[in-house]
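One letter stands for each residue in the lines below.
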Amino acid sequence: MAPGPRCRYNVGVQILDATFVAGATNYAQLPAPAFAEIAFAGRSNVGKSSLINSLVERKKLVRTSGTPGCTRAINIFRISLGGGAEFDLVDLPGYGFAKRSKGEKRGWGVLIEDFLSQRPGLRAVVVIVDVRRGVEDEDLQLLEFLDHVGVRALLVATKLDKLPASQRKLALKAVQAAAPARVFGYSSETGDGRDRLWDALLREAAIQLSPTEAVPA
Ligand code: GTP
Ligand code: MG
């Protein structure tokens, strides 16, 4: 079947550069936003950092780990795409890691909330869930919070490769049924879902691939 206009993606988003800009463990330490920002949030160990690496096709731009709680700061990465678009991807610390002390949890909660509610350059937040676990209470709370502060949210159900191909469609349907946001299946292991997610991210964040070119009517 020939692809109609609704299923045309920005196939082949070309990553020219991806570099670490800054990291901070409290909001005041962060540099002022220089470009539009897209943040990545979700439970500890769900695959936030891996998703960023996969999107920008860099194996080790963002540190990943099998140990939950690896990302303890807000880290900002500057991305340049072919065509001239420049923007920042922001890796947020994970929530819901049981071994953290109450004080630590509160500190990180404040850091994430401050960022999501105060950051002027923030255009969209990618909320990530494990496709096998689906949407949990804390994810719903985050989605509600984003709605409350007026920030756009996309939901990514990642680790799709961990399910047999025959179960993926059904699992994604289940995630979508539980979520008040559009769901995108993804695998950072295989890159499955990459073009579709890039297309949605650029759209949601109103980032034009060729910012200097006039937009056709
Ligand atoms: P914290 O920073 O600790 O909150 O974790 P995170 O959400 O950034 O997760 P991270 O990207 O570090 O990934 C956690 C583990 O899951 C690592 O062992 C990754 O290799 C693995 N992982 C992440 N995404 C995928 C995926 O799509 N498929 C598979 N098979 N493994 C994945
Ligand atoms: Mg991480």
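Sequence positions are assigned chain by chain, starting from 1 and proceeding in written order. To label them, take the chains in the order written and letter them from A, then take the ligands in the order written and number them from 1. Side-chain atom pairs in this predicted model are given and counted only at pLDDT of 80 or more, local residue features only at pLDDT of at least 70, and totals for whole chains, interfaces and linings cover all residues. Think of the side-chain values as coming from all heavy atoms in the structure, minus any hydrogens and water.

Enquirer: Requested: an account of the overall build of the protein, with residues and values cited.
Expert: Scanning the protein from terminus to terminus reveals five helices and seven strands. Helix and strand definitions here come from DSSP, where helices need a minimum of 4 consecutive H or I residues and strands a minimum of 2 consecutive E residues; each element is numbered from the N-terminal end. Listed N to C, the secondary structure of the protein is β-β-α-β-β-α-β-α-β-α-β-α in terms of helices and strands. Burial classification: accessible surface area is computed with a 1.4 Å probe over protein chains only, and a residue below 20% of its type maximum counts as buried, one above 50% as exposed, and the rest as partly exposed. Across the 217 residues of the protein, 46% fall into the buried class. The long-range share in the protein, meaning contacts at least 24 apart out of those at least 6 apart in sequence, stands at 74%. About 11,400 Å² of surface is accessible on the protein, with carbon and sulfur atoms providing 50% of the total. Contacts were defined at the residue level, with two residues in contact if any of their heavy atoms lie within 4.5 Å. With residues, only the protein chains shown are counted as cover, and all accessible areas are computed by Shrake-Rupley using a 1.4 Å probe.

Enquirer: Quick rundown of the sheet that holds strand β2 (residues 37-42)? Include the residues and the values.
Expert: Two strands pair under a simple rule: DSSP has to find at least two bridges between them. Reading across from one edge, β1-β3-β4-β2-β5-β6-β7 is the order of the seven strands in this open sheet, with mixed pairing throughout. Each end of this open sheet is capped by a strand with a single partner; those strands are β1 (15-24) and β7 (183-185). Between one strand axis and the next, the sheet turns by 25 degrees as a mean value, whatever way the strands run. Pairing of strand β3 (residues 74-81) with strand β4 (residues 86-91) involves six bridges; the strand directions are antiparallel. By the bridge assignment, Arg-78 is partnered in β4 with Asp-88. Comment: axis = line fitted to C-alpha atoms, over the contacting stretch for helices; angle = value between 0 and 180 degrees taken between N-to-C directions.

Enquirer: Describe the pattern of salt bridges, with residues and values.
Expert: Should their charged atoms come close, side chains of opposite charge can pair. What makes a salt bridge here is a side-chain nitrogen of Lys or Arg within 4 Å of a carboxyl oxygen of Asp or Glu, nothing more. With the rule as written, the count across this model stands at nine salt bridges. The shortest N-O distance in the salt bridge between Glu-204 and Arg-152 comes to 3.0 Å. Linking Glu-204 in helix α5 (residues 194-204) with Arg-152 in strand β6 (residues 152-158), this pair joins segments that are 52 residues apart in sequence. On the accessibility criterion, Glu-204 (24% relative accessible area) is partly exposed. Each of Arg-43, Arg-133, Glu-136 and Glu-138 takes part in a single network of salt bridges with overlapping partners.

Enquirer: Explain the pairing of β2 residue by residue, including any values.
Expert: With respect to burial, β2 is a largely interior element, six of its six residues being buried. Of the two faces of β2, both are covered, the one formed by Glu-37, Ala-39 and Ala-41 as well as the one formed by Ile-38, Phe-40 and Gly-42. As paired elements, β2 and β4 share four bridges and run parallel to each other. Paired with Ile-38 across the bridge in β4 is Leu-89. With six bridges connecting them, β2 and strand β5 (residues 122-130) associate as parallel partners. Considered in β5, the bridge of Ala-41 is made with Val-127.

Enquirer: Break down the pairing of β6 for me, with residues and values.
Expert: For β6, a buried count of five out of seven residues is recorded, marking the element as mostly surrounded by other parts of the structure. Pairing of β5 with β6, which is carried by seven bridges, proceeds in the parallel orientation. Note on β6: the bridge partner recorded for Val-129 is Ala-157. By definition, the crossover connecting two strands over a helix is right-handed if that path, from the first strand to the second, turns clockwise as seen with the strands pointing away from the viewer. Of the crossover connections in this fold, the one passing from β5 over helix α3 (residues 137-149) to the parallel β6 is right-handed. Where β6 meets β7, three bridges bridge the pair, whose relative direction is parallel. Bridging across to β7, Leu-155 finds its partner in Val-183. For the segment spanning β6, helix α4 (residues 165-178) and β7, crossover handedness is right-handed.

Enquirer: Lay out the environment of Asn-45 in plain terms, naming residues and giving numbers.
Expert: Here Asn-45 lies in the loop between β2 and α1 (48-55). Overall, Asn-45 belongs to the partly exposed group, its relative accessible area being 33%. Placed 49 residues apart in sequence, Asn-45 and Gly-94 show a C-alpha to C-alpha distance of 7.2 Å.

Enquirer: Describe the packing of aromatic side chains, and please don't skip the residues or the numbers.
Expert: Here is the rule: rings of Phe, Tyr and Trp (six-membered ring for Trp) pair when centre to centre is within 6.5 Å. Planes less than 30 degrees apart are stacked, more than 60 are edge-to-face, and the remainder are tilted. Applying the stated rule across the entire model yields three aromatic pairs. Ring centres 6.5 Å apart and planes at 75 degrees place the aromatic pair Tyr-27 and Phe-115 in the edge-to-face group. One end of the pair, Tyr-27, is in the loop between β1 and β2; the other, Phe-115, is in helix α2 (residues 102-118), and 88 residues separate them in sequence. For Tyr-27, a relative accessible area of 17% translates into the label buried. The exposure class of Phe-115 is buried, given its relative accessible area of 0%. Ring plane angle 75 degrees and centroid distance 6.0 Å describe the contact between Phe-87 and Trp-198, whose orientation is recorded as edge-to-face.

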